[in-house]
Amino acid sequence: MSNKSKLKKFHKLNRRIHLYAGLFMIPYIFIFGLSGLMFNHAAFMSENRSVETFHLEGDSQLNNLFPNINTFAASIADSIKNQNNINSFKLDNIKYSNTMILRYTNKEADHRVKIDIPTNNVEMIVLPDFVENNTVNRGIINAPKKLNTDDILQKVEKALENRGITPDRSRAQRIPNLEFDLTTNDNDYRVIYNLQSGDYRLIDLHQRKFKWNYFFVNLHQVHGYPVAGFSLEWLFVFFADSLAVLMIIWAISGLIMWYKMKRQFVIGLVLIGVSIIIALAIMINQLELGY
């Protein structure tokens, strides 16, 4: 078989891979794209939600409630200097790292308020579907046995030490709640019990409403192979891995197909160049996220 014939077969195979990989990943691309839109647009796919932007004026401005960041940073640096016997220091790039988020809930809705302190610009997201109207009751149970996180941490620390790892500091970042369904003659409930505090929520399962925005956003956040082993969740994460690999394949195969299209070579070169410049600018601007 000649080199020309082999090359022709390769390009045919490359087109097939590009096509069939895209078809294979269509369901996951749909989920990923739709849930990504919901992350960025809270009012998406919900008639009751609304987003309002406004500017705090006059006495409503928050700047006077916050200390001067330069003076405040200098005083903090002075304290650090004194505690650690530092001779001298220089302060730079003093700023608020994140937008402030406040939440105000009433019987009608959950109001999520984002505020940019330097500009006093506000974005208020009204989320009527976040109000917990499906909770029948709350309370606390003085159970005879509650979790002692210190005991759990110490036991796991010993297990790590047996593997040659000596923990320096330990903390329980998240403890699972105890959840179970409770069926009575009149209704069906779900109990969510905090094993540390004894707090519980009793939720009426018949009052719950399925919401597409909840479903897709929560689906989008599923990541990491489950420790328990193979399951449908394992398959979902596997598809996420597959998408990552296939996107790389799409990019490579797309470049190969573009290179073969001589008439579109210059246009493609310009598009690729602009895309690389924009991507580099975005990455440089977000460089701090790497630390």
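Anything mentioned here points back to the structure above.
Here's a quick rundown of the structure. (Residues numbered from 1 in each chain as written. Predicted model: local features only at pLDDT ≥ 70, side-chain atom pairs only at ≥ 80, totals over all residues. Heavy atoms only, no water.)

**Focus on the packing of helix H6 (residues 232-260) against helix H7 (residues 265-285)**
Which entries qualify depends on this criterion: Lines fitted to C-alpha atoms define the axes here, with helix axes fitted over just the stretch in contact, and angles between the N-to-C directions of these axes take values from 0 to 180 degrees. The way it works is that DSSP assigns letters per residue, a run of H or I at least four long becomes a helix, a run of E at least two long becomes a strand, and they are numbered from the N terminus. Rotating anticlockwise by less than a right angle from the far helix to the near helix defines a left-handed crossing, while the corresponding clockwise rotation defines a right-handed one. Contacts: residue pairs with any heavy atoms within 4.5 Å of one another.
In the contact formed by H6 and H7, the axes pass within 8 Å of each other and the chain directions differ by 145°. Crossing angle aside, the handedness with which H6 passes H7 is left-handed. Seen from H6, the contacting residues are Leu255, Trp258 and Tyr259; seen from H7, they are Phe265, Gly268, Leu269 and Ile272.

**Considerations on helix H3 (residues 69-84)**
Keep this limit in mind: What a helix is expected to span follows from its residue count: subtract one and scale by 1.5 Å. Whenever two N or O atoms come within 3.5 Å, that pair is a polar contact, provided that in protein one can donate a hydrogen and the other can accept it, and provided that, for residues adjacent in sequence, both atoms are side-chain atoms.
With 16 residues, H3 should cover 22 Å at 1.5 Å per step; its first-to-last C-alpha distance of 22 Å lies within 8% of that length. Two to three positions downstream of the cap, the backbone nitrogen of asparagine 70 sits 3.0 Å from a side-chain oxygen, assigning the N-cap of H3 to asparagine 68. Note on H3: the residue one or two positions beyond its end, asparagine 85, has a positive phi of about 55°.

**Regarding the sheet that holds strand E7 (residues 188-193)**
Sheet strands associate in pairs through backbone hydrogen bonding, adopting either a parallel or an antiparallel arrangement. The criterion, for reference: The criterion for strand pairing is that DSSP finds at least two bridges linking the strands in question.
Read from one edge of the open sheet, four strands run E5-E8-E7-E6, paired in antiparallel fashion. Single-partner strands in this sheet number two, and they are strand E5 (135-140) and strand E6 (178-183). In this sheet, adjacent strand axes meet at a mean angle of 20° when their direction is disregarded. Here E6 runs beside E7; their pairing, made up of six bridges, is antiparallel. If you follow leucine 178 over to E7, its bridge partner there is tyrosine 193.

**Things to note about the sheet that holds strand E1 (residues 50-55)**
Reading across from one edge, E1-E4-E3-E2 is the order of the four strands in this open sheet, with antiparallel pairing throughout. Here the strands that pair on one side only, and so sit at the sheet edges, are E1 and strand E2 (100-105). The sheet shows a mean angle of 20° between the axes of neighbouring strands, direction not considered. Where strand E3 (residues 110-116) lies against strand E4 (residues 121-127), seven bridges are found, and the strand directions are antiparallel. If you follow isoleucine 115 over to E4, its bridge partner there is valine 122.

**Some remarks on the side chain of asparagine 187**
With respect to the helices and strands, asparagine 187 occurs in the loop between E6 and E7. Of note is the side chain of asparagine 187, whose polar atom sits 2.9 Å from the side chain of aspartate 204. Among all residues touching asparagine 187, those that are not within four sequence positions of it are Leu182, Asp204 and His206.

**Points about the packing of aromatic side chains**
The line we're drawing: Pairing of aromatic side chains requires ring centres within 6.5 Å, counting the rings of Phe and Tyr and the six-membered ring of Trp. Pairs whose planes differ by under 30 degrees are stacked, by over 60 edge-to-face, and all others tilted. The cut-offs for exposure are 20% and 50% of the maximum accessible area for each residue type, with area from a 1.4 Å probe on protein chains only; residues under the lower value are buried, those over the upper are exposed, and the others partly exposed.
Under the definition given, this model contains 16 aromatic pairs. Centroid distance tyrosine 28 to phenylalanine 32: 6.5 Å. Interplanar angle 20°. Geometry classified as stacked. Residue tyrosine 28 and its partner phenylalanine 32 are located together in helix H2 (residues 26-40), separated by four residues, close to a single helical turn. The class of tyrosine 28 is buried, set by a relative accessible area of 10%. Among the residues examined, phenylalanine 32 registers a relative accessible area of 44% and is labelled partly exposed.

**Some remarks on the pattern of salt bridges**
Cut-off, in case you're wondering: Any carboxyl oxygen of Asp or Glu that lies within 4 Å of a side-chain nitrogen of Lys or Arg is treated as forming a salt bridge with it.
Under the definition given, this model contains four salt bridges. With a closest N to O distance of 3.3 Å, arginine 169 and aspartate 168 form a salt bridge.

**Quick notes on helix H1 (residues 3-24)**
The end-to-end C-alpha distance of H1 is 31 Å, a good match for the 32 Å that 22 residues give at a rise of 1.5 Å each. In this structure, the buried side of H1 is in contact with H2 and H6.

**Notes on unusual backbone geometry**
Here asparagine 93, not a glycine, exhibits a phi torsion of approximately 55°, which is positive. The topology assignment puts asparagine 93 in the loop between H3 and E2. With a phi close to 65°, asparagine 120 is a non-glycine residue in the positive phi region. Topologically, asparagine 120 is positioned in the loop between E3 and E4.

**Overview of the nonpolar core**
Going by this rule: For the purposes of this section, nonpolar cores are sets of buried Ala, Val, Leu, Ile, Met, Phe, Trp, Tyr and Cys residues that join through side-chain atoms within 4.5 Å.
If you look at the biggest cluster of nonpolar residues, it comprises 13 residues, and the most contacted ones within it are Met25 and Trp250. Residue assignment for this core shows that the elements contributing at least two residues are H2, helix H5 (212-220) and H6. Once you skip the residues sitting within four places of it in the chain, methionine 25 turns out to touch Phe239, Ser242, Leu243, Leu246 and Trp250.

**Some remarks on a nonpolar patch on the surface**
Keep this limit in mind: A patch consists of residues exposed above 30% relative accessible area that lack any salt bridge, with like charges linked at up to 9 Å and nonpolar side chains (Val, Leu, Ile, Met, Phe, Trp, Tyr) linked at up to 5 Å. Surface accessibility in these figures is a Shrake-Rupley result with a 1.4 Å probe; residues are shielded only by whichever protein chains are displayed.
Taken together, Phe72, Ile76, Ile80, Ile86, Phe89 and Leu91 make up a surface patch of nonpolar side chains, about 500 Å² in accessible area. Its place among the elements puts phenylalanine 72 in helix H3. We classify phenylalanine 72 as partly exposed; its relative accessible area is 44%.

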